[in-house]
Amino acid sequence: KPIGGTVQEVNGRQILVAVFRGNGLSITCLTFLGAEEDAPKNATVFFDPETKIRFYSFSRNGINAVLHREDNTICMLTSNMPPEELLSLARSQSPHKHHPS
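Residues numbered from 1 in each chain as written. Predicted model: local features only at pLDDT ≥ 70, side-chain atom pairs only at ≥ 80, totals over all residues. Heavy atoms only, no water.

Participant: Please give an account of the overall build of the chain that cites residues and values.
Facilitator: Along the backbone of the chain there are one helix and seven strands. Ordered by position from N to C terminus, the α and β elements of the chain give β-β-β-β-β-β-β-α. Considering only C-alpha atoms, the chain reaches an extent of 40 × 35 × 25 Å along its principal axes. For the chain, restricting intrachain contacts to residue pairs at least 6 apart in sequence, the fraction spanning at least 24 positions comes to 33%. Of the accessible surface of the chain, which amounts to about 6,600 Å², a share of 52% is contributed by carbon and sulfur atoms. The average position of the 10 basic charges and that of the 10 acidic charges among the side chains of the chain differ by 2 Å. (Helix = DSSP H or I, 4+ residues; strand = E, 2+ residues; numbered from the N terminus. Contact = heavy atoms within 4.5 Å. Areas by Shrake-Rupley, 256 points an atom, 1.4 Å probe, with all protein chains shown as cover. Lys, Arg positive; Asp, Glu negative; His and termini not counted. Charge placed at Lys NZ, Arg CZ, Asp CG, Glu CD.)

Participant: A description of unusual backbone geometry should follow, citing residues and the corresponding values.
Facilitator: With phi around 50°, N11 is a residue other than glycine that occupies positive phi space. Secondary-structure assignment places N11 in the loop between β1 (2-10) and β2 (13-21). Of note, the phi angle at D71 is positive, near 60°, even though the residue is not glycine. Note on placement: D71 falls in the loop between β6 (63-70) and β7 (73-79). Note on D71: relative accessible area 61%, which makes it exposed. (Buried < 20%, exposed > 50% of the residue type's maximum accessible area, 1.4 Å probe, protein only.)

Participant: I'd love a proper account of the pairing of strand β4 (residues 44-48), names of residues and values included.
Facilitator: As paired elements, β4 and strand β5 (residues 53-60) share five bridges and run antiparallel to each other. Its bridge partner lying in β5, V45 is registered against Y56. Between β4 and β5, which pair antiparallel and follow one another directly, the connecting turn spans four residues, one of which, K52, has a positive phi of 65°. (Pairing = 2+ DSSP bridges.)

Participant: Quick one: what's the story with the nonpolar core, residue by residue and with numbers?
Facilitator: Soluble globular proteins tend to pack their nonpolar side chains together in the buried interior. I15, V17, L30, F32, A39, A43, Y56, F58, A65, L67, I74 and M76 form the largest nonpolar core, which has twelve residues in total. Listed by contribution, the elements that provide at least two residues to this core are β2, β3 (26-33), β5, β6 and β7. Discounting chain neighbours no more than four positions away, the residues touching M76 are T28, C29, L30, F58, A65, V66 and L67. Counting ten residues, the second-largest nonpolar core is a separate cluster that includes I27, F55, V66 and M81. (Core = buried A, V, L, I, M, F, W, Y, C linked by side-chain atoms within 4.5 Å.)

Participant: Residues and numbers for the sheet that holds β7, please.
Facilitator: One open sheet accounts for seven strands, arranged β1-β2-β3-β7-β6-β5-β4; its pairing is antiparallel. Looking along the sheet, the strands with just one partner apiece sit at the ends: β1 and β4. The average undirected angle you get between the axes of adjacent strands in this sheet is 20°. On top of the sheet, helix α1 (residues 83-93) reaches β3, β4, β5, β6 and β7; it is set at about 25° to β6, its chief contact. (Axes fitted to C-alpha atoms, helices over the stretch in contact; angles between N-to-C directions.)

Take a look at the structure:
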């Protein structure tokens, strides 16, 4: 469930910051215009063959992040939940996910 949000300017970019909390840990979602080159060079890349989206997983100072691009928009989820869980959540939330009917 969303519990708060704001728009911040970082390095001249407008970034939408939304904070979510569920049964587990809180997650912060950062949304901004960008490219896959915004992912750190040392990020681990996961390609989802179903959605054809590359997910970039990385950590800094005990915070895990998963970044992916949809069109010209970057969505980055950050949390202190384990990286595998965060990646799974990011993949499940992708709007291009194919749902069999």
